[in-house]
Amino acid sequence: MERKEIAFKLKHRSEMEKNYLTQQEEQQKFHDMATAFFNKYDFTQNHYIIGRRLRVELSDEESSCYANQIIKVKTQGCSQFKLKSKMQKLWEVEVIEKINERNLYCNSFWHCGIMEHGRYAMWEYGGTVYGYLCGYIVESLPDDMEQIKLSEYYKMIEKIEGL
């Protein structure tokens, strides 16, 4: 099996496009609520991980302050709060309970079954959702995807970067 690069766009009004747009909307809602949470509790975070667990980059001062509430091992540079910690419980009430987790992840695994061991991307511009796969393609593209030339894909990226 050889590695391949494939570019595509999603067909308008397809299930995959609907899932992608739903997930993007829910991720924006999550981001807005997480930012409000971090501002409310005076976190100086630069990075956090979307998820049920509160995982956020902490300053040295914050790490000291929350030392009894966080686990020792970091994930992608982020400290993770213990399940029964005060901040984790606040996170669940103020952010997680207000998020539709199904929508938050409804398009997360779109590449599974199509490709093994590779990179992938999906993004929207001008009302069209574009995508990219680079890896060992094991299945043909689903009906929701229309393959496009790589040159068309890269042309769109150059157009966006030029804005």
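The sections below set out a description of the structure shown in this document.

Each value, and the rule that gives it
- Residues numbered from 1 in each chain as written.
- Predicted model: local features only at pLDDT ≥ 70, side-chain atom pairs only at ≥ 80, totals over all residues.
- Heavy atoms only, no water.
- Helix = DSSP H or I, 4+ residues; strand = E, 2+ residues; numbered from the N terminus.
- Contact = heavy atoms within 4.5 Å.
- Salt bridge = Lys/Arg side-chain N within 4 Å of Asp/Glu carboxyl O.
- Phe/Tyr/Trp six-rings, centres within 6.5 Å; stacked < 30°, edge-to-face > 60°.
- Buried < 20%, exposed > 50% of the residue type's maximum accessible area, 1.4 Å probe, protein only.
- Lys NZ or Arg CZ within 6 Å of the ring centre and 35° of its normal.

**Some details on the environment of Asn-19**
So, step 1. Summarising the element assignment, Asn-19 is placed in helix α1 (residues 15–40).
So, step 2. Sequence separation of Asn-19 and Arg-53 is 34 residues, and the distance between their C-alpha atoms is 23 Å.
So, step 3. When sequence neighbours within four positions are dropped, the list of residues in contact with Asn-19 reads Cys-106 and Asn-107.

**Some points on the pattern of salt bridges**
So, step 1. For the structure on display, the rule yields five salt bridges.
So, step 2. Here Lys-18 and Glu-15 are joined by a salt bridge, their closest N and O atoms 4.0 Å apart. Of this pair, Lys-18 and Glu-15 both sit in helix α1, separated by three residues, roughly a single helical turn.
So, step 3. The shortest N-O distance in the salt bridge between Arg-52 and Glu-101 comes to 2.4 Å. Taken together, the residues Arg-52 in the loop between α1 and β2 (55–56) and Glu-101 in helix α4 (residues 101–105) connect sequence positions 49 residues apart.

**A few points about the packing of aromatic side chains**
So, step 1. Taken as a whole and assessed by the stated rule, the structure comprises 18 aromatic pairs.
So, step 2. Between the aromatic rings of Phe-30 and Trp-91, the centroid separation amounts to 5.7 Å while the plane-to-plane angle is 75 degrees, which identifies the pairing as edge-to-face. A residue pair is termed long-range when its members are at least 10 positions apart, and Phe-30 in helix α1 and Trp-91 in helix α3 (residues 86–94) qualify at 61 residues.
So, step 3. Take Phe-30: its relative accessible area is 0%, and that puts it in the buried class.
So, step 4. When the centroid spacing of 5.5 Å and the interplanar angle of 55 degrees are considered together, the rings of Phe-38 and Tyr-48 count as tilted. Of the two residues, Phe-38 is situated in helix α1 and Tyr-48 in the loop between α1 and β2; the sequence distance between them amounts to 10 residues.
So, step 5. Overall, Phe-38 belongs to the buried group, its relative accessible area being 1%.
So, step 6. Here a set of aromatic residues connected by ring pairs shows up, and it is made of Phe-30, Phe-37, Phe-38, Tyr-41, Phe-43, Tyr-48, Tyr-66, Phe-81 and Trp-91.
So, step 7. The ring centre of Tyr-136 lies 5.4 Å from the NZ or CZ of Arg-3, which sits over that ring.

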